[in-house]
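Understanding the architecture of this molecule
The primary structure of each chain is shown beneath.
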Amino acid sequence: MDQSTFSEYRKNKKCMIWQSKHITQHGLKSKKIISDKTIEIKDLRPSPATECIAIVGGGPKGFYALERLLAQLKDAESTTNLEIHIFNTNSFFACGQNYRPDQPDYLLINYAIGNIDAWEVQQAPQIVTQRLNLTEWIKHNKHEQCPEVNPRDFASRELVGYYLMDCLQHVVQVVPKNVSIRLISTQVEDIIESTSTYTLYADNQRLPFAYESILLVTGNSYHNSYLENAQQHAHVTCFNSAYPIRQLDLIPDQADVAIQGYGLTFTDVALHLTEGRGGRFEYQHNELIYIPSGREPILYPYSRNNLMMLPRSGMLPEEKYELIFFTDHYIDSVRQRNRENKISFKKDIAPILQKEIQYAYNRLAREDDGLTEMEVIDKLFFPNKDLDSPQLENYHQYMLEITQYMQEEAAKGISASPFMLAVHACRACLLQMAKVYNFCGMDGKSHEYFDRKWSSNMNRLSFGPPAENSKKIHALLKAGYIQAKYGKLPAFRFNSNGLELFNDYYTKTFQYHIDGRIAKPNLAAANNHLYGNLFKSGMVRELINDSYHTGSIAIHSDGTLIGKENSMLYVYGTPTEGNVLDNDTLSRKSYNFGNIWAHKTASLVTTKYKKQYEHSL
Ligand SMILES: Cc1cc2nc3c(=O)[nH]c(=O)nc-3n(C[C@H](O)[C@H](O)[C@H](O)COP(=O)(O)OP(=O)(O)OC[C@H]3O[C@@H](n4cnc5c(N)ncnc54)[C@H](O)[C@@H]3O)c2cc1C
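Each residue is numbered by its place in its chain's sequence as written, counting from 1. Totals for whole chains, interfaces and linings use every residue, but because this is a predicted model, local features are given only for residues with pLDDT of at least 70 and side-chain atom pairs only at 80 or more, for both listing and counting. Side-chain numbers here rest on the full set of heavy atoms in the structure, without hydrogens or water.

**A look at the overall build of the protein**
Counting its regular elements, the protein contains 17 helices and 22 strands. This radius of gyration counts C-alpha atoms alone. The globule rule is 2.2 Å times how many residues there are, raised to the power 0.38. Its C-alpha radius of gyration of 25 Å places the protein within 12% of the 25 Å reference for a compact globule of 617 residues. Counting only C-alpha atoms and orienting by the principal axes, one finds that the protein spans roughly 75 × 65 × 55 Å. Burial statistics for the protein: of 617 residues in total, 55% are counted as buried. Whether two residues are in contact is decided by their heavy atoms: any pair within 4.5 Å suffices. Taking as baseline every contact in the protein between residues at least 6 positions apart, the subset at least 24 positions apart corresponds to 74%. Numbering goes from the N terminus for both helices and strands, where a helix is a DSSP run of H or I of at least four residues and a strand is a run of E of at least two. Exposure classes here rest on a 1.4 Å probe applied to the protein chains alone. A residue is buried below 20% of its type maximum, exposed above 50%, and partly exposed in between.

**Things to note about the sheet that holds strand β16 (residues 491–495)**
Criterion used throughout: strands pair if DSSP finds at least two bridges between them. Ordered by their spatial adjacency, three strands build an open sheet running β16-β17-β18, and the pairing between neighbours is antiparallel. Two strands lie at the open edges of the sheet, namely β16 and β18 (507–510), each paired on one side alone. Pairwise comparison of adjacent strand axes, ignoring direction, gives a mean angle of 25° for this sheet. Two strands pair when backbone bridges link them, and strand β17 (residues 498–502) and β18 are joined in this way by four bridges, in the antiparallel orientation. Of the residues in β18, the one forming a bridge with Glu500 is Thr509. Axis definition: a line fitted to C-alpha atoms, limited for helices to the stretch in contact. Angles are taken between N-to-C directions and run from 0 to 180 degrees.

**Describing the packing of helix α2 (residues 30–37) against helix α5 (residues 157–172)**
Contact pair α2 / α5: the axes reach a minimum separation of 8 Å and the direction vectors enclose 60°. Here α2 is positioned oblique relative to α5, judged by the angle of their axes. Read as a crossing pair, α2 and α5 show a hand that is left-handed. Between α2, through Ser30, Lys31, Ile33, Ile34 and Lys37, and α5, the contact on the second element is made entirely by Tyr162, Met165, Asp166, Leu168, Gln169 and Val172. Each angle is binned into one of four classes, with values under 35 degrees roughly parallel, values over 145 roughly antiparallel, values of 65 to 115 roughly perpendicular, and all other values oblique. In this scheme the crossing of two helices becomes right-handed for a clockwise turn of the near helix relative to the far one and left-handed for an anticlockwise turn of less than a right angle.

**Overview of the nonpolar core**
Judged by nonpolar contacts, the single largest core of 192 residues is most densely connected at Ile84, Ile191, Tyr211, Ile214, Leu216, Phe326 and Phe450. The element best represented in this core is helix α12 (residues 418–437), accounting for 14 residues. Working definition of a nonpolar core: buried Ala, Val, Leu, Ile, Met, Phe, Trp, Tyr and Cys residues. They are joined through side-chain atoms within 4.5 Å.

**Concerning the site of the ligand**
Note on terminology: near, applied to a residue and a molecule or strand, indicates that one of the residue's heavy atoms is within 4 Å of it. Neighbouring residues of the ligand: 31 residues in total, closest Asn88, Thr89, Tyr99, Asn110 and Asp584. One of the backbone nitrogen or oxygen atoms of Asn110 is found 2.8 Å away from an oxygen atom of the ligand. Interatomic distance of 2.9 Å between a backbone N/O atom of Leu586 and an oxygen atom of the ligand. Accessible surface area values rest on a Shrake-Rupley calculation with a 1.4 Å probe, where residue burial reflects the displayed protein chains alone. Coverage of the ligand by the protein amounts to 94% of the 980 Å² it exposes when considered alone. Sorting the residues of the shell around the ligand by element identifies α3 (60–74) and β4 (81–88) as the ones contributing at least two each. Side-chain classes are defined by residue name, with Ala, Val, Leu, Ile, Met, Phe, Trp, Tyr, Cys and Pro counting as nonpolar, Asp, Glu, Lys and Arg as charged, and the others, Gly among them, as polar. The class makeup of the residues in the shell around the ligand is 12 nonpolar, 16 polar and three charged. Any pair of nitrogen or oxygen atoms within 3.5 Å is treated as a polar contact; in protein, a donor-acceptor pairing is required on top of that, and neighbouring residues in sequence qualify only through side-chain atoms on both sides.

**Brief notes about the packing of aromatic side chains**
Pairing of aromatic rings covers Phe, Tyr and Trp, the last counted by its six-membered ring, and requires centre-to-centre distances within 6.5 Å; plane angles under 30 degrees mean stacked, over 60 mean edge-to-face, and any other angle means tilted. The final tally for this structure, using the stated rule, is 22 aromatic pairs. A ring pair is formed by Tyr290 and Tyr481, whose centres lie 5.4 Å apart and whose planes are at 75°; its orientation type is edge-to-face. Of this pair, Tyr290 sits in strand β14 (residues 287–291) while Tyr481 sits in the loop between α14 (467–479) and β16, and the two are 191 residues apart along the sequence. In terms of burial, Tyr290 and Tyr481 fall into one category: buried. Ring centres 5.3 Å apart and planes at 65° place the aromatic pair Phe345 and Trp454 in the edge-to-face group. Taken together, the positions of Phe345 in helix α8 (residues 345–364) and Trp454 in helix α13 (residues 444–462) put the pair 109 residues apart, joining distant regions of the chain. Charges are assigned to positions over rings by a cutoff of 6 Å between ring centre and Lys NZ or Arg CZ, combined with an angular limit of 35 degrees from the ring normal. Sitting over the face of the ring of Tyr449, Lys346 holds its NZ or CZ atom 4.5 Å from the ring centroid. Over the ring of Phe502 we find Arg493, and its NZ or CZ is 3.9 Å from the ring centre.

**Here's the deal with the sheet that holds strand β12 (residues 256–260)**
Read from one edge of the open sheet, four strands run β11-β19-β12-β15, paired in parallel fashion. If you trace the sheet from one side to the other, it starts and ends with β11 (237–239) and β15 (298–302), each paired once. Sheet twist, expressed as the average angle between the axes of neighbouring strands with direction ignored, equals 20°. Alignment of β12 against β15, held across five bridges, turns out to be parallel. What sits directly across from Asp256, in β15, is Ile298. Along the sheet face, helix α6 (residues 264–272) touches β12, β15 and β19 (512–515) and points at about 170° away from the line of β15.

What follows is the structure in structure tokens.
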């Protein structure tokens, strides 16, 4: 690799974006090793006198739980013969769908590499000695001529996939004796409970194993419903998900494409349909410009609020905003006041959030530029709410201006921009909200109100794309490959020419539509095959807070299922959302029900535990 490759990085970018092309072949070797270890259902045979454990879902969190289980078993006095079956819909174990190493390298993680560590950092039994976090792993494996690694840098998701697979490869090399691991590429469809074990169904067959313990760690595996009646209109191609992203390659060059959602998926789609089709981004006079290939479709995004996510700079965990008002002490005092009742979001929380965010803004604003609480909230959350008709007719121009403003504020950072400091406070408030939200801490109405009105807005401000990707989106708006025409949520109808999206200000007909939202759990609608079956058989229950039907699986605070108190069926990660706030991340730190499951499962299968267990019955 030539040193000059990095001249542009040095000249124009504050942070490097690490991709697999920067890593030596030796560093990337685990993908093949893991893929070679992957088997299919037909390769599985029961072994006599062997106990079986299952992990359903082979994403990062399935890997985290496996690593903890093995670390626990390492110190157990003796174990019976044990097989751990990990099921995943593809052979990219430890990556899941989101960090697949076969995806294009312009799809990025949305926070700095210094935040990513696949290993347990707390005091805990360990099985692998060399436990590198992502920053150290890149340092260790990069080509010599690449620049120094900075924890504030970003990385492609495919590179994170290589890292995670390498971590898994280290773990499978040190499996304790008596234990074997099977990486099985198939989708689990159902689970049936017997007296104290479970049977799994996959590939339309009953698997010949009695599982002692199961962890459900299935990530983002819900489906959006198709646009109403879409399937009756074959002349319109409707994608109900943007992933896998390469399916969008069937969209013809220069086609007009409507996309629902302005979030992170929208960014992926926009880059795939431009950079992914041979276009290039180049700095000219310090500004990022798009150089087209001529093969780009034109994207017409729309959403409920028609606003982009805020760019994120490479921040590290230790740079957390210190909350002044929305503190643990405040939350405790609210709980004390409401001993009989749950917390009310509107009465107890919204005012303090507003105060916290306003305070952050005014700390940096010049005295004569200070804003009231509502002015700050409007500026951050609803900047387009008072647009008049001419502005809504020319929404694209508004979008260009607001994304330009966002770039400028992001470049100033949290030490010079009141706006960005307020956003930083908002991010801290969202993380703090978990203490109020978790396990139905708020009454049902508040829970629903927060989920519907505040959560996505706070997410939009707090967890946006890396600044570099926001600049690319701005360049695409400027070049006209993104047409932000809809300033109000359009209605839709099918006609003989295609799908018509219309509001008072703009109407257009499309042959292609992408649902660019990440689907949320909806047990009653069975938008996940496995959970639909488990809900039907009564194995899982829906989380209902007062009269609010969340659509999520109801769990206890240790990750076990409500209604299955003595069972060894646990849930971890995205399927626990609704019970806890924001468990859809790579982080190992929050709500790690996988650790609890690993601990309990290790106890269950060790001889020592069995004796205690029998004694206590
Ligand atoms: C496009 C995208 C980008 C993201 N970027 C970031 C980011 O930059 N940073 C961040 O912290 N978070 C990000 N996230 C959030 C992401 O969910 C987590 O980072 C992480 O993937 C969660 O890991 P997981 O193991 O819980 O789930 P997943 O990674 O979703 O893995 C679950 C795996 O289980 C498999 N599976 C599901 N059901 C079954 C079944 N019935 N049988 C067998 N296998 C099954 C799935 O196919 C998948 O491979 C992103 C999410 C998306 C959708």
